[in-house]
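# Breakdown of the fold
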Amino acid sequence: AEKAERAKAKAAKAITAPDGTPLRTKGYGQIDTEFTARRSYADALAYARYLTRASIAHHRDTIAEYREDAQLILAALAAKHGRTEDDLRAELAPKVEARWKREYK
């Protein structure tokens, strides 16, 4: 019974790509939990914003990769919870802003 409870708790925390495969990103590798996905999403957008401010011409490819990672994570979160990406984007915006202010401002 204990083992089943642990498995159930682990499944509730897990995240996968919308198609059910493991969620893999370029910058963060494989993301296994929803908590890590949310943190990685905020980090990716805050870092892309930082690079944009630093030199958009010099970091164009890196900025695109981080934004792509953020989009993959957002799609996975939306699929898991049956919500729209816009809804989740609005929910996570304060976390992105807080990360930006804490790390890069």
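Remember, predicted model here, so these are calculated numbers, not experimental data.

In terms of helices and strands, the chain carries 4 helices and 2 strands. For the chain, the sequential pattern of α-helices and β-strands runs α-β-β-α-α-α. Reported as C-alpha extents along the three principal axes, the dimensions of the chain are approximately 55 × 25 × 25 Å. Buried positions account for 30% of the 105 residues belonging to the chain. Here the chain displays about 6800 Å² of accessible surface, and carbon together with sulfur accounts for 52% of that area. Treating the 21 positive side-chain charges of the chain as one cloud and the 16 negative ones as another, the clouds have centres 4 Å apart.

With that settled, consider the nonpolar core. Counting residues in hydrophobic clusters, the biggest one holds 21 residues, and the most contacted among them are I15, L23, I31, A37, Y41, I73 and L77. Put simply, the parts of the chain that give this core at least two residues each are α2 (34-55), α3 (60-81) and α4 (85-103). When residues of this core are assigned to their parent elements, the largest contribution, 8 residues, is made by α3. If near-sequence neighbours (up to four positions away) are discounted, A37 is found in contact with I15, I31, I73 and L77.

Here we come to the pattern of salt bridges. Enumeration over the complete set of coordinates arrives at 11 salt bridges. The salt bridge partner of E68 is K26, with a shortest N-O separation of 3.4 Å. With E68 in helix α3 and K26 in the loop between β1 (23-25) and β2 (29-31), this pair connects stretches of sequence that are 42 residues apart. Using a relative accessible area of 54% as the deciding quantity, one classes K26 as exposed.

We now examine α2. Residues spaced three or four apart along an α-helix face the same direction, because each turn holds 3.6 residues. End to end, α2 covers 31 Å across 22 residues, agreeing with the expected 32 Å (1.5 Å per residue, within 8%). In the core, the buried residues of α2 are packed alongside α1 (2-13), β2, α3 and α4.

Take the packing of aromatic side chains next. Per the counting criterion, the structure on display carries 6 aromatic pairs. With centroids separated by 6.0 Å and ring planes inclined at 80°, the aromatic side chains of Y28 and Y66 adopt a geometry described as edge-to-face. On the criterion of sequence distance, the pair formed by Y28 in the loop between β1 and β2 and Y66 in helix α3 is long-range, its members being 38 residues apart. Of the residues examined, Y66 reaches a relative accessible area of 19% and is grouped as buried. Cluster of aromatic residues (ring-pair linked, three or more members): Y28, Y47, Y50, Y66, W100 and Y104.

Here the focus is the packing of α2 against α3. It is the contact of α2 with α3, at a shortest axis distance of 9 Å, that shows an interaxial angle of 150°. Taken together, the axes of α2 and α3 are roughly antiparallel relative to one another. Where α2 crosses over α3, the handedness of that crossing is left-handed. Contacts between α2 and α3 involve E34, A37, R38, S40, Y41, A44, L45, Y47, A48, L51 and T52 from the first element and T62, I63, Y66, R67, A70, I73, L74, L77, K80 and H81 from the second. In terms of residue class, the contact of α2 with α3 is made up of 13 nonpolar, 4 polar and 4 charged.

Cut-offs used in this document
Residues numbered from 1 in each chain as written. Predicted model: local features only at pLDDT ≥ 70, side-chain atom pairs only at ≥ 80, totals over all residues. Heavy atoms only, no water. Helix = DSSP H or I, 4+ residues; strand = E, 2+ residues; numbered from the N terminus. Buried < 20%, exposed > 50% of the residue type's maximum accessible area, 1.4 Å probe, protein only. Areas by Shrake-Rupley, 256 points an atom, 1.4 Å probe, with all protein chains shown as cover. Lys, Arg positive; Asp, Glu negative; His and termini not counted. Charge placed at Lys NZ, Arg CZ, Asp CG, Glu CD. Core = buried A, V, L, I, M, F, W, Y, C linked by side-chain atoms within 4.5 Å. Contact = heavy atoms within 4.5 Å. Salt bridge = Lys/Arg side-chain N within 4 Å of Asp/Glu carboxyl O. Expected span 1.5 Å × (residues − 1). Phe/Tyr/Trp six-rings, centres within 6.5 Å; stacked < 30°, edge-to-face > 60°. Axes fitted to C-alpha atoms, helices over the stretch in contact; angles between N-to-C directions. Parallel < 35°, antiparallel > 145°, perpendicular 65-115°, else oblique. Left-handed = near helix turned anticlockwise from the far one by under 90°. Nonpolar A, V, L, I, M, F, W, Y, C, P; charged D, E, K, R; others polar.

Everything listed is a geometric property; what it means functionally is a separate question.
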